[in-house]
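# Report on the structure
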Amino acid sequence: MNEQQINDIFSYSLSIRRKLHMYPEVGFELPKTVAIIGEELHRLGISFTDKYGKCSLVAELGSGEKTLAIRADIDALPIEEKTGLPFASTHAGKMHACGHDSHAAVLLGVAKYLKEHESELPCKVRLVFQPSEEGAVSGAKMMVDNGVMDGVDEVICTHCENGLDSGNVGICYGDYMAACVPATLRFIGKASHAAIPEAGIDAVAMAVEAYMQMKEMVAAEAGEDKYIWNVGHFSGGTVHNIVPDSCEMYISFRFYNKEFASRVENRVREICEAVSNKYGGKYELSWIMSTGSIHNDENVTAKFEKCVRDSGIPVAFMPQKKSSEDFAWFLEKTPGMIFRFGTRSEEKGCTALAHRSDFMIDEDGMKTAIKAFCSYVFRS
């Protein structure tokens, strides 16, 4: 891939990115986004399907025994944009504040280059455009459940990174991003007048006792395992003179080790059962893993690192993150990895981290991602 070719592809991707940025959509409600991507694939002469779920698109190029999948998430966030960009969001209360517009535009650029060189491809390449990475319901899980990974031997993806200087690629071997359980715990007691507390069952008292026990338990169970245990919402009762009959907690539990997480879940249930029995109340627990952890396969990551270094792209090693990414559902099916492409530029004012209303990227970083993907495909 020579400099002229990458500049041509970059110019194409840049125009698509700015168009997508103007029309951000959230979750699984992405009609405009999907229409833009579908129109571009059609214009490039690439057939595609939406059979893997709502507002998803998948295309395939090349031939051969091996299939390499490349995934891009395409949804935005419910944030009011405050960047002042000439191509800022035209959808009130919605913004591409995590850079998924750049991910989609990069993959379309890759698609354009691969289509132009399809006869030279060493393998099949499956292009996966995924909805609802940011949503409470995972678009990745939907697509995997619908068979998008059938026949895939390897899967890779990328994410823009304003903590990494533009022009660089960031990688991390092994455990990289955490699994996440957004748990909801509710204690159910019995209301009574505050003057006769013995006639009621105090749900707040149950919740407070369980809160303290759970916090100590997780620390004890963890040992050397890294984790986050955060109670982000704690609410019970309605007025000052009634014993509260309900108290609710929202818990974010993040981890890398599934065995540790399983022990924690069992102990949480034991604690809640014991506390409820002690007070004579009940409890309800919703404990669902929204996504597993990201484990970058060592062999795939090593191949990728060598490939991008040979292409002249600077490589930085990224620290482990406790944030989550539903790309993990793809990795449940086959080895793969996620890499970062740097989009930080102090000169251009691109320093704000993702999920902020003033988030902007140095778009030149997209060129690095395109080059990395295309170089890797032809070395697969």
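Model, not experiment: these values are computed from the prediction. (Residues numbered from 1 in each chain as written. Predicted model: local features only at pLDDT ≥ 70, side-chain atom pairs only at ≥ 80, totals over all residues. Heavy atoms only, no water.)

## Some thoughts on the sheet that holds strand β15 (residues 315-317)
Basically, it comes down to this: Strand pairing is assigned whenever DSSP detects at least two bridges linking the two strands. Going along the chain from the N terminus, every DSSP run of H or I of four or more residues is numbered as a helix, and every run of E of two or more is numbered as a strand. The contact definition used throughout considers only heavy atoms, calling two residues in contact when any of these lie within 4.5 Å. Axis angles are defined between N-to-C directions and span 0 to 180 degrees, where every axis is a line fitted to C-alpha atoms and, for a helix, only to the segment in contact.
Strands sit in the order β1-β2-β4-β3-β5-β16-β6-β15 across an open sheet of eight strands; the sheet is mixed. In this open sheet, the two edge strands, each paired with only one partner strand, are β1 (48-49) and β15. Summarising the sheet, strand β3 (residues 67-73) and strand β4 (residues 124-130) pair through seven bridges and their orientation is parallel. In the strand pairing of β4, alanine 72 is matched with phenylalanine 129. Strands in contact with helix α3 (residues 100-116) are β2 (57-61), β3, β4, β5 (154-165) and β16 (336-344); relative to β3, the strand with the most contacts, it is inclined by about 145°. Against the sheet, helix α9 (residues 365-377) contacts β3, β4, β5, β6 (169-171) and β16, and its axis sits at roughly 155° relative to β16.

## With respect to the side chain of threonine 67
Note the following rule: For every residue, the accessible area (1.4 Å probe, protein chains only) is compared with the maximum for its type, and the residue is labelled buried under 20%, exposed over 50%, or partly exposed between those bounds.
Note that threonine 67 resides in strand β3. Residue class for threonine 67 comes out buried when judged on its relative accessible area of 4%. Not counting residues within four places of it along the chain, the set of residues in contact with threonine 67 comprises Glu60, Lys124, Arg126, Gly151, Val152, Asp153 and Glu154.

## So, the packing of helix α1 (residues 3-22) against α9
Angle between the axes and distance between the axes are the two parameters that describe a pair of packed helices. Here is the rule we go by: For classification, angles of less than 35 degrees are called roughly parallel, those exceeding 145 degrees roughly antiparallel, those between 65 and 115 degrees roughly perpendicular, and all remaining angles oblique. Each helix crossing is assigned a hand: it is left-handed if the near helix lies turned anticlockwise from the far helix by less than a right angle, otherwise right-handed if that turn is clockwise.
Contact pair α1 / α9: the axes reach a minimum separation of 10 Å and the direction vectors enclose 120°. The orientation of α1 relative to α9 falls into the category oblique. Of the two possible hands of crossing, α1 and α9 adopt the one that is right-handed. Across the interface between the two elements, Ile6, Asn7, Ile9, Phe10, Ser13, Leu14 and Arg17 of α1 pack against Met366, Lys367, Ile370 and Lys371 of α9.

## Points about the nonpolar core
Note the following rule: Throughout, nonpolar core names a set of buried Ala, Val, Leu, Ile, Met, Phe, Trp, Tyr and Cys residues whose side chains join them through atoms within 4.5 Å.
Val110, Phe129 and Phe304 are the most contacted members of the largest nonpolar core, which has 63 residues in total. Per-element accounting of this core gives the leading share, nine residues, to α3. Excluding anything up to four places from it in sequence, phenylalanine 129 contacts Ile37, Leu41, Ser56, Leu57, Ala72, Ile74, Ala104, Leu107, Leu108 and Met143. If you look at the next biggest cluster of nonpolar residues, it comprises 30 residues, including Met217, Val268, Tyr283 and Leu285.

## Examining the packing of aromatic side chains
Let me state the cut-off plainly: Pairing of aromatic rings covers Phe, Tyr and the six-membered ring of Trp, with a centre-to-centre limit of 6.5 Å; geometry is then stacked below 30 degrees between planes, edge-to-face above 60, and tilted otherwise.
Scanning all chains against the criterion turns up 13 aromatic pairs. When the ring of tyrosine 113 is compared with that of phenylalanine 378, the centres are 6.0 Å apart and the planes differ by 80°; the resulting orientation is edge-to-face. Of the two residues, tyrosine 113 is situated in helix α3 and phenylalanine 378 in the segment after α9; the sequence distance between them amounts to 265 residues. Relative to phenylalanine 260, the ring of phenylalanine 253 lies with its centre 5.8 Å away and its plane at 75°, an arrangement referred to as edge-to-face.

## Quick word on the side chain of serine 375
How we decide: Under the rule applied, a polar contact is a pair of N or O atoms within 3.5 Å (in protein, one hydrogen donor and one hydrogen acceptor; residues adjacent in sequence only if both atoms are side-chain atoms).
Here serine 375 is to be found in helix α9. From its side chain, serine 375 meets the backbone oxygen of lysine 371 in a polar contact 2.7 Å long. Serine 375 has contacts with Cys307 and Ser311, leaving out every residue within four places of it along the chain.

## A short note on the packing of helix α7 (residues 298-310) against α9
For the pair α7 and α9, interaxial distance at closest approach is 9 Å and the crossing angle is 110°. As the angle between them shows, α7 and α9 are arranged roughly perpendicular. At the point where α7 passes α9, the crossing takes the right-handed sense. Along its contact with α7, which presents Val300, Lys303, Phe304, Cys307 and Val308, the element α9 presents Ala372, Ser375 and Tyr376.

## Section: the sheet that holds strand β10 (residues 227-236)
If you trace the four strands from one edge of the open sheet to the other, you get β10-β12-β8-β13, paired in antiparallel fashion. Each of the sheet's edge strands pairs with one partner strand only, and the pair in question is β10 and β13 (282-286). In this sheet, adjacent strand axes meet at a mean angle of 15° when their direction is disregarded. Where strand β8 (residues 179-188) meets strand β12 (residues 246-255), ten bridges bridge the pair, whose relative direction is antiparallel. Paired with isoleucine 188 across the strands is serine 246, a residue of β12. This element, helix α5 (residues 203-222), spans β8, β10, β12 and β13 of the sheet and lies at about 180° to β10. Running over the sheet, helix α6 (residues 258-279) touches β8, β10, β12 and β13 and is turned about 160° from β13.

## Notes on α5
Under the convention used in this document: Here, expected helix span is obtained from the residue count minus one, scaled by 1.5 Å.
Over its 20 residues, α5 runs 28 Å from end to end, which matches the ideal 28 Å to within 8%, given 1.5 Å per residue. Taking the backbone nitrogen of valine 204 as reference, a side-chain oxygen 3.0 Å away marks aspartate 202 as the first, capping residue of α5. Looking at the residues trailing α5, positive phi occurs at glycine 223, about 60°.

## Comments concerning the pattern of salt bridges
For clarity, the threshold we go by: Definition used for salt bridges: Asp or Glu carboxyl oxygen within 4 Å of a side-chain nitrogen of Lys or Arg.
Scanning all chains against the criterion turns up 30 salt bridges. Across the pair glutamate 270 and arginine 267 runs a salt bridge whose closest N-O atoms are separated by 3.1 Å. Of this pair, glutamate 270 and arginine 267 both sit in helix α6, three residues apart, which is roughly one turn of the helix.

## Considerations on helix α2 (residues 31-43)
Relative to the 18 Å expected for 13 residues at 1.5 Å per residue, α2 spans 18 Å between its end C-alpha atoms, a close match to the ideal helical length. Taken from the residues just after α2, glycine 45 is the one with a positive phi, measuring 80°.

## Thoughts on the environment of glutamate 270
Overall, the relative accessible area of 46% leaves glutamate 270 in the partly exposed class. Each C-alpha atom, one on glutamate 270 and one on methionine 214, is 10.0 Å from the other, the two residues being 56 residues apart in sequence.

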